[in-house]
Amino acid sequence: MVKIKIENVVASTSLDGDLDLQRIANALDGAEYEPEQFPGLIYRLSEPKTATLLFRSGKVVCTGAKSIEDVRKAIFTVAEQIEKAGVRINKKPEIEIQNIVASSDLEQEINLNAIAISLGLEKVEYEPEQFPGLVYRLENPKVVVLLFGSGKLVCTGARVPEDVEHAVEKIMEELRAVDLLR
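All values derive from a computational prediction rather than experimental measurement.

Student: Where do I start with the packing of aromatic side chains in this structure?
Tutor: We describe a pair of aromatic rings using the distance from one ring centre to the other and the angle between the two ring planes. Using the criterion set out here, one finds 2 aromatic pairs in the structure. Where phenylalanine 38 meets phenylalanine 55, the ring centres are 5.8 Å apart and the plane angle is 65 degrees; that geometry is what we call edge-to-face. Note that phenylalanine 38 is positioned in the loop between helix H1 (21-27) and strand E2 (41-46) and phenylalanine 55 in the loop between strand E3 (49-54) and strand E4 (59-65), a separation of 17 residues in sequence. Residue classification places phenylalanine 38 among the partly exposed residues on the basis of a relative accessible area of 32%. Seen in terms of ring centroids, phenylalanine 131 and phenylalanine 148 are 5.8 Å apart; in terms of plane orientation they differ by 65 degrees. Their pairing is edge-to-face. Of this pair, phenylalanine 131 sits in the loop between strand E6 (124-125) and strand E7 (134-138) while phenylalanine 148 is found in the loop between strand E8 (143-147) and strand E9 (152-158), placing the two residues 17 residues apart along the sequence. What makes phenylalanine 131 partly exposed here is its relative accessible area of 36%.

Here it is, written out as structure tokens:
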């Protein structure tokens, strides 16, 4: 099995109800809140290394995590710190994974022109003058994979890590079936 590395997990949740972002910004060290620039408050954690965006509506987006567990830790840490600042919130928010971005390496160079032809133009976008990678849209799992001539790939749109594994396995099977991968 090829090695897969999760690069970024983006998740969202709601802390139920309106948030006083100015009050939270004043209470949290390092919080960035400039409503004339961006409507949300940005709060970065060093452990786990994430950025959490808080919006007045109570919506929260966490980005930068390397695992789903790191997303949970980050959101619960931020919620705990907001609560300590005296702001009442839902301390056990339901977290929804929006996107997992992962990378992998097929460990050999691949011929993107041949792949574009063999995988079918309805699922593939390949314009080397515009972008050096081939964009491959899979239906099941519903993800997008960027394939590069070096054999490296990036998978985006996954909701669970298993989607990435299935996508990479499927691509490897399809490429082997047409003799484009050892």
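Student: Looking at this model, I keep getting lost on unusual backbone geometry. Mind explaining?
Tutor: The phi torsion of most residues other than glycine is negative, and most of the peptide bonds are trans. Of note, the amide linkage connecting glutamate 47 to proline 48 takes the cis form, showing an omega dihedral of -5 degrees. Tracing the backbone through its elements, the reader meets proline 48 in the loop between E2 and E3. Following asparagine 140, the chain continues into proline 141 via a peptide bond in cis, with omega recorded as 0 degrees. Along the chain, proline 141 turns up in the loop between E7 and E8. With a phi close to 60 degrees, aspartate 16 is a non-glycine residue in the positive phi region. Assignment of secondary structure puts aspartate 16 in the loop between strand E1 (4-14) and H1. The phi torsion at glutamate 107 lies on the positive side, around 60 degrees, for a residue other than glycine. You can see glutamate 107 is positioned in the loop between strand E5 (96-105) and helix H3 (112-119). Accessibility expressed as a relative area gives 66% for glutamate 107, which makes it exposed.

Student: Whenever I open this one, the state of the cysteines confuses me. Can you help?
Tutor: A covalent bond between the sulfur atoms of two cysteines is referred to as a disulfide. Under the counting rule described, the total for this entry stands at 0 disulfides. The closest cysteine sulfur to the non-disulfide-bonded cysteine 155 is located on cysteine 62, 19 Å from its own sulfur. Owing to a relative accessible area of 1%, cysteine 155 belongs among the buried residues under this scheme.

Student: Explanation requested: the sheet that holds E5 in the structure shown.
Tutor: Paired through their backbone hydrogen bonds, the strands of a sheet run either parallel or antiparallel. Reading across the sheet, the 9 strands line up as E2-E3-E4-E1-E5-E9-E8-E7-E6 and stay open at both edges, with antiparallel pairing between neighbours. The sheet is open, and its two edges are formed by E2 and E6, each paired on a single side. Across 6 bridges, the pairing between E2 and E3 is antiparallel. By the bridge assignment for E3, arginine 44 is matched with alanine 51. Set on the sheet, H3 makes contact with E6, E7 and E8; between it and E7 the angle comes to about 30 degrees.

What counts and what doesn't
Residues numbered from 1 in each chain as written. Predicted model: local features only at pLDDT ≥ 70, side-chain atom pairs only at ≥ 80, totals over all residues. Heavy atoms only, no water. Phe/Tyr/Trp six-rings, centres within 6.5 Å; stacked < 30°, edge-to-face > 60°. Helix = DSSP H or I, 4+ residues; strand = E, 2+ residues; numbered from the N terminus. Buried < 20%, exposed > 50% of the residue type's maximum accessible area, 1.4 Å probe, protein only. Disulfide = S-S within 2.5 Å. Pairing = 2+ DSSP bridges. Contact = heavy atoms within 4.5 Å. Axes fitted to C-alpha atoms, helices over the stretch in contact; angles between N-to-C directions.

Bear in mind that shape data such as this cannot, by itself, settle questions of function.
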